[in-house]
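# Summary of the model geometry
Listed below, chain by chain, are the residues.
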Amino acid sequence: MSLPLDDLRVVEFGQLLAGPFCGQLLGDFGAEVIKVEDPAKGDPMREWGREKPHGKSLWWPVVARNKKSITCNLREPAGQALIRRLIDTADIVVENFRPGTLERWGMGPETLWRTNPGLIVTRVTGYGQTGPYASRAGFGSIGEAMGGIRYVMGDPGGPPVRAGISLGDSLAAVYACLGTLVAVHSRTRTGRGQVVDSAIYEAVLAMMESLLPEWSVAGYQRERTGATLPNVSPSNVYPTGDGDLILIAANQDTVFGRLAAAMGEPELARDPRYATHSARGAAMAELDDHIARWTSTLGAEQLLGTLHANGVPAGRIFRAKDMFADPHFAAREAIVRVPHPDFGELPMQNATPRLSATPGTVRTAGPALGEHNDEIYGGLIGLDDEEQVRLRADGII
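Figured I'd write up the structure that's included with this text. Because the structure is a prediction, the values reported are computed rather than measured.

So, on to the overall build of the protein. Along the protein, the regular secondary structure elements total 17 helices and eleven strands. With the principal axes as the frame, the protein shows a C-alpha extent of 80 × 50 × 40 Å. Sequence-distant contacts in the protein: of pairs separated by 6 or more residues, those separated by 24 or more amount to 68%. Carbon and sulfur atoms make up 55% of the accessible area of the protein, which totals about 19,700 Å². A gap of 2 Å separates the mean positions of the 39 positive and 47 negative side-chain charges of the protein.

Now the structure itself:
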């Protein structure tokens, strides 16, 4: 089956999450992603993750899916020379080293463009390639703090909290992927590659809605508000009569009218305290208490049935086990199963977004370390067996 990016070759130098997740997204839509790893230990993601059946990471098969793994010691001149030959065949390089690392290895963009002028160099870092903080070590958590999202997460009066996922790294990777595809499109017009500079803190900042003008123009500082958004009501988690929790989002005027009707109190939508978005925001606590008293009289299934029948957005808060049991996940194949040598049919999230004519696919789980050395070094680059044996003996591959 033809895939939309199967004419692109990506050389991925990144490790851990920010760079590799960008590579994963490109690979999901067909790009040939060749991941370059240290011969001695590979990407640390091979060891990450809380649960390790068979001593193996369950995270690695996901973030390295649809990729090929080769090994090369990039700190040695022989390794650098070898990988430059590979890059000459590539469309894209993805890396998330500290700024200047590629340049020290003789593989900065200007050097690579001499022999491959159409190459796109996608660089994911904590602070970007320029500016006074560029040389600092940057992790996703620091970018989340600097970009503003950590400050507004948590309960009022408590310290900032983090999401239970690597939000900053993932956002930077998504923007890196977007920038890479924009650069590919630009190359069709100019024939030239360029640098895609994705900074974690800027990727987080890009998601911060009206935070900046609220402070600059209105003098308003967003604070931690727990499970709610300031002045957006009703949009919260509400209790049910059987001890469950249901999220209801009815903050738009017309939707609130439907919620009021579902509650058997259509007059609420005309009450001056609740009739407009701003009024409901001002009366958020009072309105939430009123809705909670109603939801507490119904079991979760009855409540959801009533809300859905009235066109009110509502749903359970899903855990992994709920996703496996849900018919909508099944109907849309949101979870796929991929063969794995240790885990059998390994479930993981499907490629997203959905394209009607050329959808992405999950074809393989993350590869073994150096699994594709022979294919790439022998087939693509053309090293003979003797050269490969020598490079292995010298610790280069």
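The next subject is the pairing of strand β2 (residues 32–37). A regular strand carries its side chains on alternate faces of the sheet. With respect to burial, β2 is a largely interior element, six of its six residues being buried. Side chains E32, I34 and V36 of β2 all project onto a buried face; the interleaved residues V33, K35 and E37 project onto the opposite face, where all are buried too. As paired elements, strand β1 (residues 9–12) and β2 share four bridges and run parallel to each other. Its bridge partner lying in β2, R9 is registered against E32. Once you follow β1 into helix α1 (residues 18–28) and on to β2, the crossover reads as right-handed. Note that β2 and strand β3 (residues 67–71) share five bridges and pair parallel. Residue pairing across strands places V33 opposite K67, the latter belonging to β3.

For the rest of this paragraph, the subject is the sheet that holds strand β8 (residues 245–249). Backbone hydrogen bonds hold the strands of a sheet together, and the pairing may be parallel or antiparallel. Within the open sheet, the three strands sit side by side as β7-β8-β9. Their pairing is antiparallel. The open sheet has two free edges, formed respectively by β7 (235–239) and β9 (314–316), since each of these has just one partner strand. Neighbour to neighbour, the strand axes of the sheet diverge by 25 degrees on average, direction disregarded. Examined bridge by bridge, β7 and β8 share five bridges and lie antiparallel to one another. When the bridges of β8 are listed, V237 appears paired with L247.

The next subject is the nonpolar core. With 37 residues, the main nonpolar core has V10, C22, L26, A31 and I92 as its most contacted residues. Listing elements by their share of this core, those giving two or more residues are α1, α2 (60–63), β4 (92–95), β5 (120–125), α7 (167–190) and α8 (200–205). It is α7 that contributes the most residues to this core, seven residues altogether. In this structure, A31 is in contact with L5, D6, L8, V10, L26, N66 and R363, ignoring residues within four places of it in sequence. Formed by 28 residues, the second largest nonpolar core is a distinct cluster that contains I34, W105, L119 and I396.

A few words now on the environment of G370. With respect to the helices and strands, the residue G370 is situated in the loop between β11 (344–349) and α16 (373–380). Between the C-alpha atoms of G370 and T71, which are 299 residues apart in sequence, the distance is 5.1 Å. Residues within four places of G370 in sequence aside, it is in contact with S69, I70 and T71.

Summed over all chains, the structure comprises zero disulfides. No disulfide involves C177; its sulfur sits 5.1 Å from that of C22, the nearest cysteine. Overall, the relative accessible area of 9% leaves C177 in the buried class.

It is worth spelling out the sheet that holds β3 at this point. As summarised here, the arrangement of the six strands in space is β3-β2-β1-β4-β5-β6, forming an open sheet in which the pairing is parallel. Edge positions in the sheet fall to β3 and β6 (195–199), since each of these pairs with one other strand and no more. Across this sheet, the average inter-strand angle for adjacent strands is 20 degrees, counted without regard to direction. With respect to the sheet, α1 is in contact with β1, β2, β3, β4 and β5, its orientation differing from that of β1 by roughly 160 degrees. Running over the sheet, α16 touches β1, β2 and β3 and is turned about 80 degrees from β3.

Another aspect to go through is helix α12 (residues 284–295). Taking 1.5 Å per residue, twelve residues should reach 16 Å; α12 reaches 16 Å between its end C-alpha atoms and fits that length. Of all the residues in α12, the buried ones are M284, L287, D288, I291, A292, W294 and T295. Taken around the axis of α12, the buried residues stretch over an arc of 155 degrees, which confines them to a single face. Within α12, the exposed residues directed more than 90 degrees away from the buried face are A285 and R293. Those residues of α12 that are buried are in contact with β7, β8, α10 (253–262), α11 (277–282) and α13 (300–309).

Reading guide: rules and limits
- Residues numbered from 1 in each chain as written.
- Predicted model: local features only at pLDDT ≥ 70, side-chain atom pairs only at ≥ 80, totals over all residues.
- Heavy atoms only, no water.
- Helix = DSSP H or I, 4+ residues; strand = E, 2+ residues; numbered from the N terminus.
- Contact = heavy atoms within 4.5 Å.
- Areas by Shrake-Rupley, 256 points an atom, 1.4 Å probe, with all protein chains shown as cover.
- Lys, Arg positive; Asp, Glu negative; His and termini not counted.
- Charge placed at Lys NZ, Arg CZ, Asp CG, Glu CD.
- Buried < 20%, exposed > 50% of the residue type's maximum accessible area, 1.4 Å probe, protein only.
- Pairing = 2+ DSSP bridges.
- Right-handed = clockwise from strand over helix to strand, strands pointing away.
- Axes fitted to C-alpha atoms, helices over the stretch in contact; angles between N-to-C directions.
- Core = buried A, V, L, I, M, F, W, Y, C linked by side-chain atoms within 4.5 Å.
- Disulfide = S-S within 2.5 Å.
- Expected span 1.5 Å × (residues − 1).
- Arc of directions from axis to C-beta.

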